[in-house]
Structures are given as structure tokens and as C-alpha cells.
Amino acid sequence: MRPTIEDQLHGAQRLLDDVAGDAELSRDSRENLANVRRLLKQIGRSWSELLPFYVNDNATMAQLLTRHAQDIGIPAAAEPAGYDVAQAAQRNAELRALLSRVITNLPDTADGTAARREITEYLVRRIEADPS
């Protein structure tokens, strides 16, 4: 289907390039345009990777919650079969909040320490994999 998201992003970049060439723009306006152009480039690089990232990340967090949340009384909900990027991002935020509750409520025992280590290792991998 045309225009694709990439087509629209490239079109927005071309429009910004035209505006940026205006000699009457203030320094602040040029700086703002440069920032918008950088954001659009970042969106262009990452948008198509977001849904697969969220689906995988949500499944991993759900598994962590299933293993560790029930020990402290937080029920883990099943993941929906399919959703769009906005729903996946919202679910990701919900799961991160639940995981935060798990971390802060784990007991100071060997099992709690092991769970914290597992969750911390997951979070480090998550940061490295996040396309945004």
C-alpha cells in the first residue's frame, strides 16, 4: 500500500530539508529542525523492529513473572495472541511495572537473590536489544 511508512518518513525529511534551506530561519529554528530530522531518521531505522521486539520482550517478561511473581502474590496474566505496536508497547510498560514490583518484593534469601540476578541479566539484555 502506498505511501508506505518509509515513503512518508522520506517525504517528511524532504520537506524539512526544504525548510532548513531557508536563510531567514533563526539559529534556534535550525537547531529544532536538525533535532526533528534526527528523530525521523531514528524512527525510520527502528519502527519496523518494534513490534517483534515487544512481542518477544513481553513473552520473556511474562515467563519471568510466572516464575517469580506468584511467590510474592502478583498474578501473571497470559499474553494476548496478537496486537499492534501501541498495544504491545502499553503491555510492555505494564509488564515492566509488574517486574519492578517483583524485584522490590523478592525476599532476602538465596532464592530471592538468584531471582534478582536472573531479572537483572534479562534487563541488561533487554537494553541491548531495544531497537528504539
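Bear in mind the structure is a predicted one, so any value in this text is a computation, not a measurement.

## So, the overall build of the protein chain
(1) Moving on: The helix and strand inventory of the protein chain stands at 4 helices and 0 strands.
(2) Moving on: For the protein chain, the sequential pattern of α-helices and β-strands runs α-α-α-α.
(3) Moving on: Scaling as 2.2 N^0.38, a compact globule of 132 residues should have a C-alpha radius of gyration of about 14 Å, whereas the protein chain reaches 21 Å, well beyond that.
(4) Moving on: Dimensions of the protein chain along its principal axes, counting C-alpha atoms only, are 65 × 35 × 20 Å.
(5) Moving on: Across the 132 residues that make up the protein chain, the buried fraction comes to 27%.
(6) Moving on: Split by element, the accessible area of the protein chain, about 8800 Å² in all, is 55% carbon and sulfur.

## Concerning the confidence of the model for the protein chain
Low-pLDDT stretches of the model should not have their predicted coordinates read in fine detail.
(1) Moving on: Mean pLDDT over the protein chain works out to 87, with 90% of the residues at or above the 70 mark.
(2) Moving on: Mean pLDDT across the elements of the protein chain bottoms out in helix H1 (residues 5-20) (88) and peaks in helix H4 (residues 110-129) (94).

## Considerations on the nonpolar core
(1) Moving on: Listed in full, the 12 residues of the largest apolar core are Met61, Leu64, Leu65, Ala69, Leu95, Leu98, Leu99, Val102, Leu106, Ala115, Ile119 and Tyr122.
(2) Moving on: Counting only elements with at least two residues in this core, the list comes to helix H2 (27-68), helix H3 (85-105) and H4.
(3) Moving on: Broken down by element, this core gets its largest block of residues, 4 residues, from H3.

## Comments concerning the packing of H1 against H2
(1) Moving on: At their nearest, the axes of H1 and H2 sit 10 Å apart, and the two run at 165° to each other. Comparing their axes, H2 and H1 come out roughly antiparallel. The interaxial crossing formed by H1 with H2 has left-handed handedness. The segment H1 lies against H2, with Ile5, Glu6, Leu9, Ala12, Gln13, Leu16, Asp17, Val19 and Ala20 engaging Arg30, Leu33, Val36, Arg37, Leu40, Lys41, Ile43, Gly44 and Trp47.
(2) Moving on: Here the contact of H1 with H2 is composed, by residue class, of 11 nonpolar, 2 polar and 5 charged.

Calculation notes
Residues numbered from 1 in each chain as written. Predicted model: local features only at pLDDT ≥ 70, side-chain atom pairs only at ≥ 80, totals over all residues. Heavy atoms only, no water. Helix = DSSP H or I, 4+ residues; strand = E, 2+ residues; numbered from the N terminus. Rg over C-alpha atoms; globule rule 2.2 N^0.38 Å. Buried < 20%, exposed > 50% of the residue type's maximum accessible area, 1.4 Å probe, protein only. Areas by Shrake-Rupley, 256 points an atom, 1.4 Å probe, with all protein chains shown as cover. pLDDT = per-residue confidence, 0-100. Core = buried A, V, L, I, M, F, W, Y, C linked by side-chain atoms within 4.5 Å. Axes fitted to C-alpha atoms, helices over the stretch in contact; angles between N-to-C directions. Parallel < 35°, antiparallel > 145°, perpendicular 65-115°, else oblique. Left-handed = near helix turned anticlockwise from the far one by under 90°. Contact = heavy atoms within 4.5 Å. Nonpolar A, V, L, I, M, F, W, Y, C, P; charged D, E, K, R; others polar.

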